[in-house]
Amino acid sequence: DVVQEGSDVTVVGWGTQVRVLQEAVAMAADVGISCELIDLRSILPWDVDTVANSVAKTGRLVVTHEAPITGGFAAEIAATIQRECFLHLESPVM
């Protein structure tokens, strides 16, 4: 679900991380960065279309999660969006 519309960067999270992201998005807005915040709600299956459409609009993606540094589900999201949205990305997926 798109929690907040934005135009500069897509920010994706799920679970308790979404509350933290809402604060981060508000801080970014204070310095003029417009973030589109997406709450995945489910990671199996995850809403590839919503994230891909947002990234096509913003050109950037930041994925956050509460998991190990390596091997977390964010790696799956990053790989999928890199593959699906390569021509729309203006920077690497973070």
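This text gives an overview of the structure that appears in the document.

### Some words on the packing of aromatic side chains
Both the distance between ring centres and the angle between the ring planes are used here to describe each pair of aromatic rings.
In step 1: Applying the stated criterion to the full structure yields two aromatic pairs.
In step 2: Here a set of aromatic residues connected by ring pairs shows up, and it is made of Trp14, Trp46 and Phe73.

### Describing the pattern of salt bridges
In step 1: Across all of its chains, the model carries six salt bridges by this definition.
In step 2: One salt bridge connects Glu5 with Lys57, and the closest N-O pair in it is separated by 3.1 Å. With Glu5 in the loop between β1 (2-4) and β2 (9-13) and Lys57 in helix α2 (residues 48-58), this pair connects stretches of sequence that are 52 residues apart.
In step 3: Since its relative accessible area comes to 56%, Glu5 is described here as exposed.
In step 4: For Glu84, the salt bridge is made with Arg83, and the minimal N-O distance between the two is 3.3 Å.
In step 5: On the basis of relative accessible area, Arg83 is assigned to the exposed category, the value being 58%.
In step 6: Put simply, Asp1, Asp39 and Arg41 are held in one network by salt bridges that share partners.

Basis of the calculations
Residues numbered from 1 in each chain as written. Predicted model: local features only at pLDDT ≥ 70, side-chain atom pairs only at ≥ 80, totals over all residues. Heavy atoms only, no water. Phe/Tyr/Trp six-rings, centres within 6.5 Å; stacked < 30°, edge-to-face > 60°. Salt bridge = Lys/Arg side-chain N within 4 Å of Asp/Glu carboxyl O. Helix = DSSP H or I, 4+ residues; strand = E, 2+ residues; numbered from the N terminus. Buried < 20%, exposed > 50% of the residue type's maximum accessible area, 1.4 Å probe, protein only.

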